[in-house]
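# Descriptive analysis of the structure
Here is what each chain is made of, one letter per residue.
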Amino acid sequence: NSVEPPIGENTWTIWCADQYLEEPVTILASCPGGEESTIVDGNLVCVPCPSGSFSGASLPTCSACSAGKYLMSSTASLEAEACAQCPNGLISFPGAANSAFCITPVHNWDFRGCSTGEDVGDSSEGSPLVTTPLVASPSNGAACNLDGISLDGNDDFVNITNWKWGGTTSIEVYVKYDKFNSLSRVFDFSSGAGSDIVLLRNLGALSTIRWQVGQESNYKDITTSNFDSSTWTHV
């Protein structure tokens, strides 16, 4: 049995006459903006959104701002209204609470307008986080243009100076497929077969996005949404 709340209220009182529920329990029909519902002592109550998250009025759960963005309003319903893009050249992890969480990437390569056949320097050189700038070397015919660097999907690639990294890591890239060849890699950080690996590619000859992370012979594959043909995708 239940009694619906008066207009302007957001609680119901529920009671049962069985062995499982002997006392009335109050639950929330909705939460105000900036809060989400959770169960405390058997009752559904509203609590503030976690840092870097937002929720509009009547939404049951909070959502974190995506990577590359930071929170502006915890009470907005849509990410476009709640989160702002980090300034150009800065990145953030998901759930950034404010603009202070936008940081300079440790390593960054911008291939727009590069010269074919010439190395591309590490744009983060000079950052206090960078101890050894890394060089990206286009190989096997990889060609530069105003949009970035073009790879033929067959054997073109960009080789980056070897360096040791690990722990909590964020990688982002802009990619546009003209067509989907079999297993065309966006990036492949590894030392060959059977080594540790972080890889992003399409699945088979499909548009499906496939992540692969592995240590020695133990691999984890994650299949997500799709690349859009002839459209820039931010991953």
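As the structure is a computational prediction, the values presented were derived from the model and not from experiment. (Residues numbered from 1 in each chain as written. Predicted model: local features only at pLDDT ≥ 70, side-chain atom pairs only at ≥ 80, totals over all residues. Heavy atoms only, no water.)

## A short note on the sheet that holds strand 16 (residues 197-202)
Spatially, the four strands line up as an open sheet ordered 15-16-17-18, and their pairing is antiparallel. The open sheet has two free edges, formed respectively by strand 15 (185-190) and strand 18 (218-226), since each of these has just one partner strand. Within this sheet the neighbouring strands show an average axis-to-axis angle of 15°, counted without direction. As defined by bridge partners, strand 15 adjoins strand 16 across five bridges and the pair is classed as antiparallel. Looking at the pairing, S190 lines up with I197 of strand 16. (Pairing = 2+ DSSP bridges. Helix = DSSP H or I, 4+ residues; strand = E, 2+ residues; numbered from the N terminus. Axes fitted to C-alpha atoms, helices over the stretch in contact; angles between N-to-C directions.)

## What about the confidence of the model for the chain?
Per-residue confidence for the chain gives a mean pLDDT of 80, with 83% of residues at or over 70. Within the chain, no element has a lower average pLDDT than strand 1 (residues 2-3), which sits at 42, and none a higher one than strand 6 (residues 53-54), at 95. Low confidence marks residues 1-28, where pLDDT is under 50. Its contacts with residues over four positions away, or in another chain, come to 41 contacts. (pLDDT = per-residue confidence, 0-100. Contact = heavy atoms within 4.5 Å.)

## Quick word on unusual backbone geometry
What is expected of a backbone is that most residues other than glycine have negative phi and most peptide bonds are trans. Here the phi dihedral of N140 falls at roughly 60°; this positive angle occurs in a residue that is not glycine. Within the element layout of this structure, N140 appears in the loop between strand 10 (136-139) and strand 11 (143-145). Residue N140 is classed as partly exposed on the basis of its relative accessible area of 49%. In this model, L183 sits at a positive phi of 55°, which is unusual for a non-glycine residue. As for its position among the elements, L183 is in the loop between strand 14 (174-175) and strand 15. (Buried < 20%, exposed > 50% of the residue type's maximum accessible area, 1.4 Å probe, protein only.)

## Re the pattern of salt bridges
When the charged atoms of two side chains lie near each other, side chains of opposite charge can form a pair. The tally for this structure, following the rule as stated, stands at four salt bridges. Taking the shortest distance from any N to any O, the salt bridge between E79 and K69 comes out at 3.5 Å. Separated by 10 residues along the polypeptide, E79 in helix 1 (residues 79-82) and K69 in strand 8 (residues 69-71) bring together distant segments of the chain. R112 is the partner of D110 in a salt bridge, and the nearest nitrogen-oxygen pair spans 2.8 Å. Overall, R112 belongs to the exposed group, its relative accessible area being 56%. (Salt bridge = Lys/Arg side-chain N within 4 Å of Asp/Glu carboxyl O.)

## Structural notes on the state of the cysteines
One pass over the structure, following the stated rule, counts five disulfides. In this model C65 forms its disulfide with C83; the gap between the sulfur atoms is 2.0 Å. The sign of the S-S torsion, about -85°, decides the handedness of the disulfide formed by C65 and C83: left-handed. Remark: C83 occurs in strand 9 (residues 83-85) and C65 occurs in the loop between strand 7 (63-64) and strand 8; sequence separation between them is 18 residues. For C83, a relative accessible area of 9% corresponds to the buried category. There is a disulfide in this structure between C114 and C144, and the S-S distance comes to 2.0 Å. As the torsion about the S-S bond is roughly -100°, the C114-C144 disulfide counts as left-handed. With C114 in the loop between strand 9 and strand 10 and C144 in strand 11, this residue pair connects regions lying 30 residues apart in the sequence. Each of the two residues, C114 as well as C144, counts as buried. Look at the chain and number its bonded cysteines as they come in the sequence; the links are 1-2, 3-4, 5-6, 7-8, 9-10. (Disulfide = S-S within 2.5 Å.)

## Observations concerning the nonpolar core
Of all hydrophobic cores here, the largest spans eight residues; its members are W109, F111, C114, V120, L134, A136, C144 and I160. Once residues within four sequence positions are removed from consideration, C114 is found in contact with V120, C144, N145 and G148. (Core = buried A, V, L, I, M, F, W, Y, C linked by side-chain atoms within 4.5 Å.)

## Topic: the packing of aromatic side chains
Summed over the entire model, instances satisfying the criterion amount to four aromatic pairs. Ring-pair connections join several aromatic residues into one group, and the members of that group are Y177, F180 and F227. (Phe/Tyr/Trp six-rings, centres within 6.5 Å; stacked < 30°, edge-to-face > 60°.)

## Re the side chain of S184
Assignment of secondary structure puts S184 in the loop between strand 14 and strand 15. When near neighbours in sequence (up to four residues on either side) are disregarded, S184 contacts G153, Y177, R201 and N202.

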